[in-house]
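The primary structure of each chain is shown beneath.
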Amino acid sequence: MAIDIRPRTTWAERAAATNSGQLKALELINGLGMDHHLAGEVVRQRIAATREPVQGREWSPWKGGVFIHHMGPLSFSPNSEADCIEGVAEIWHKHMSEGYGDIAYNFLVCPHGKIYEGRGLVRGEANGGDAPPTARTKRGEIWVNGVGAVGRNAGFYSVLGMIRAWNQPTQPMLNSIKNLIGHLQGDVSAQVRAGGHILPHSEGDHTECPGNLTPYAKLGSAIDPGRPAPQQAVSIVPRAGWGARPPRGEYPVPLSQRTGFAVHYSAGPPTQSVRAVQNYHMDGRGWPDVGYNFLVDRFGRIYEGRGWLNIGAHATGYNTTHIGVCFIGSNGDATPAAKNAIRALYHAANRHTGRTLQATYHGAIGSTACPGADLRNWVISGLAGDNVPIEGGGAPGTGAGTTHVRSASAQQHAVNLLGHTPLLVVDGSLGPLTLAGVRWLQRKVGVEADGNWGPLTEAAYVAHIGGGTGGGVTLYRSVAAQQRAVNALGHAPALAVDGSFGPATSAGVRWLQTKIGVAADGNWGPATEKAYLTHTGGGASSGGVTTIRSVTFQQHAVNGLGHTPALVVDGSFGPLTLAGVRWLQTKIGVDADGAWGPDTEAAYGRWADGERLVVDGSFGPATVSATQRAIGVTPDGVWGPESKRALQRHLNTWSAAGLVVDGSIGPGTVKALQAHLNTMIRAGLPLDGSWGPATNRALQTALNLEKF
């Protein structure tokens, strides 16, 4: 349906004028050496930009749907659209001051019926990430019938009706919320499509929100679009959708070398997350990524692992020739929906390769019981099931888009900005129209039109639009700040600090890169920033890596994890903030270098979406319940024989412990637990067979990081 959503540019200028906007400008002035006018303009542009997917955070709104919100107590009575725009800007300021890093809502709807873009089609953070745990859910989750435990922010859009407790919703507001929900349920790409649930914020959380919108926040109400159930289909959840860690390496293989299709199972509980499998493969096995090309859960959802075009790590001697697909669960857990999804992947693989691949299973090409008798017999019988189409996604190898540099939605915005007609739909889906648009843009900016937005395309695009500097990759440090850094290391002659990235500056940056020991490519990216901070001692002038998270957000995050004394949230990256960020990095399990880069962002996301246990060395009900969720038994907080046997099975599966599954937690089981924790999180525990506070602290840390 046609729907008018006012973009972030509508309210960005007013947001930049708030105290939070001024603080962000001050960060740029002090940290990167910008003048006041340029800093203000950069802040406005950054606020206005469409949000990028948050690395390492799950975003699967098709599991849940939409939460409805209001603005809180008192009254909001805007006289004009200008008043509503001011209201959106003030909400942005409030959320920034509370440490959200952006406006927390996905969309906002005013009493006049105008819809404003907040975070848009990427994950928001307004739905109660701290909602209390229950017997079936951990903190920040809600139970969805037919799906299970779903993250309130990971699985639901947040839609704010711009009224307060003393106001009643207007008919234009209700109509627009209804149209917006219908749009999210049916008109966006399958990867970000909203599920069928409409809930009030108060559902499962301690809040009065959404106030007078509560009677409408349900199915069958005036805001329910009543869309018919979609035609049965499956879609491939991209890596960003399940919060994948970046791979340490990728090893391409052409489709012409594929001859087989191998079915596996994870041998764990069907509740296991894809990210937990990836963590085991990367941290437990030392592999560069999750080993499978695709994974399928019991609901028939397909998850992108290494994808169509990369060598897997699922069957020795067959990783190049065979596409590996893993069912998440154990023998007998595979549902008809899961089998239909695997069947759909097999037929898609045949179409993409142009040949009929040999359908096989792990045990037929290796010495293993995988994938269990049920799936083994199903494969032997010919993958019987229904023909369910895979929705969207496009064929592999046709310019799937390099998103490490710029996300799909950002590529679509960039193509539109340069005047492509017709305008691309900004839905984050890298389909044929987006591919053609990127190739059109590449020809326009003078690089090879291969459809992949890599570093050369990024640099050429920045140069084409001016980038505010005339060149140079400025994501981490402005050109003027690069020039000052080159001069500070003793370059002669000193560069003119004019913000222009000309030949002299390019040569100076390469000189600096050589001096600090990184590739001398002239682009000041994350490797250069990190090496420069290390070389210079990471002093207060570094300003922190601020394109991923602002200094104020970093300070809020450090405080949120319990750092004492609490940091002053002032946007200044001094020695105390540096020490705090290093403390946070140690707590979430990444290199404590003080630079908030992609690894820190991903690990922080995993921690925020995880159990969030207090690491106190106590094996109390909260830790017991978290352990039970990880090993696949009912999380009742009682450590009984069933849980003990499940732990032994878990250690046998994931650590090859060879334990007798008898429910007796003796020294042998404890030693196996300690060895597993040492492998997964480098806990450094002595293998003494004594389950004490140190082992509990390591267990709590592993559960928080989803690495158990």
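The rules behind each value
- Residues numbered from 1 in each chain as written.
- Predicted model: local features only at pLDDT ≥ 70, side-chain atom pairs only at ≥ 80, totals over all residues.
- Heavy atoms only, no water.
- Helix = DSSP H or I, 4+ residues; strand = E, 2+ residues; numbered from the N terminus.
- Expected span 1.5 Å × (residues − 1).
- Buried < 20%, exposed > 50% of the residue type's maximum accessible area, 1.4 Å probe, protein only.
- Arc of directions from axis to C-beta.
- Polar contact = N/O pair within 3.5 Å; in protein donor to acceptor, adjacent residues only side chain to side chain.
- Contact = heavy atoms within 4.5 Å.
- Phe/Tyr/Trp six-rings, centres within 6.5 Å; stacked < 30°, edge-to-face > 60°.
- Salt bridge = Lys/Arg side-chain N within 4 Å of Asp/Glu carboxyl O.
- Pairing = 2+ DSSP bridges.

A. Local environment of helix 11 (residues 432-445). Under the 1.5 Å per step criterion, the end-to-end length of helix 11 is 20 Å for 14 residues, consistent within 8% with the ideal 20 Å. Regarding helix 11, the residues found buried are Thr434, Leu435, Gly437, Val438, Leu441, Gln442 and Val445. Down the axis of helix 11, the buried set is contained in an arc of 160°. They therefore lie on one face. In helix 11, the exposed positions angled more than 90 degrees off the buried face are occupied by Pro432, Leu433 and Arg443. Glycine 446 sits one or two positions beyond helix 11 and adopts a positive phi of about 90°.

B. Region of the structure containing the side chain of arginine 123. Turning to its location among the elements, arginine 123 is positioned in the loop between strand 4 (115-117) and strand 5 (141-144). Judged by relative accessible area, arginine 123 falls into the buried class, the value being 5%. At 2.7 Å, the side chain of arginine 123 forms a polar contact with the side chain of glutamate 125. Arginine 123 has contacts with Arg57, Glu58, Trp59, Asn106, Asn153, Ala154 and Asp609, leaving out every residue within four places of it along the chain.

C. Representation of the packing of aromatic side chains. Scanning the model with the defined rule gives 13 aromatic pairs in all. Between phenylalanine 107 and tyrosine 157, the aromatic rings sit 6.4 Å apart at their centres with planes inclined by 40°, giving tilted as the arrangement. On the criterion of sequence distance, the pair formed by phenylalanine 107 in strand 3 (residues 107-109) and tyrosine 157 in strand 7 (residues 156-161) is long-range, its members being 50 residues apart. Taking relative accessible area as the criterion, phenylalanine 107 reaches 4% and is therefore assigned buried. Plain terms: the ring middles of phenylalanine 553 and tryptophan 596 are 6.0 Å apart, the flat faces sit at 85° to each other, and that makes the pair edge-to-face. With a gap of 43 residues between them, phenylalanine 553 in helix 16 (residues 551-560) and tryptophan 596 in the loop between helix 17 (575-588) and helix 18 (598-609) connect regions that are remote in the sequence. For phenylalanine 553, a relative accessible area of 7% puts it in the buried group. A residue is classified by how much of its surface remains accessible, and tryptophan 596, at 0% relative accessible area, is buried. Feature note: the residues Phe553, Trp596, Tyr604 and Trp607 constitute an aromatic cluster, connected by ring pairs.

D. Main features of the pattern of salt bridges. All chains considered together, the criterion is met by 20 salt bridges. Across the salt bridge formed by arginine 245 and aspartate 283, the nearest N and O atoms sit 2.7 Å from each other. On the criterion of sequence distance, the pair formed by arginine 245 in the loop between strand 9 (236-237) and strand 10 (260-265) and aspartate 283 in helix 6 (residues 274-284) is long-range, its members being 38 residues apart. Relative accessible area serves as the criterion here: at 10%, arginine 245 is assigned to the buried category. For aspartate 283, a relative accessible area of 9% corresponds to the buried category.

E. Structural detail: the sheet that holds strand 13 (residues 322-327). One open sheet holds the six strands; their spatial order is 9-12-11-13-10-14, and the pairing between them is mixed. Looking at the sheet topology across the chains shown, the edges are occupied by strand 9 and strand 14 (358-361). Inspection of the sheet shows strand 11 (residues 294-296) paired to strand 13 by three bridges, in the parallel sense. Residue pairing for strand 13: valine 296 is matched across the bridge by phenylalanine 327.

F. Summary view of the sheet that holds strand 7. Spatial strand order, 1-4-3-7-2-8: six strands in an open sheet with mixed pairing. Only two strands of the sheet have a single neighbouring strand rather than two, namely strand 1 (5-6) and strand 8 (197-200). With four bridges joining them, strand 2 (residues 65-69) and strand 8 adopt parallel strand pairing. For phenylalanine 67, the partnering residue across the bridge sits in strand 8 and is leucine 199.

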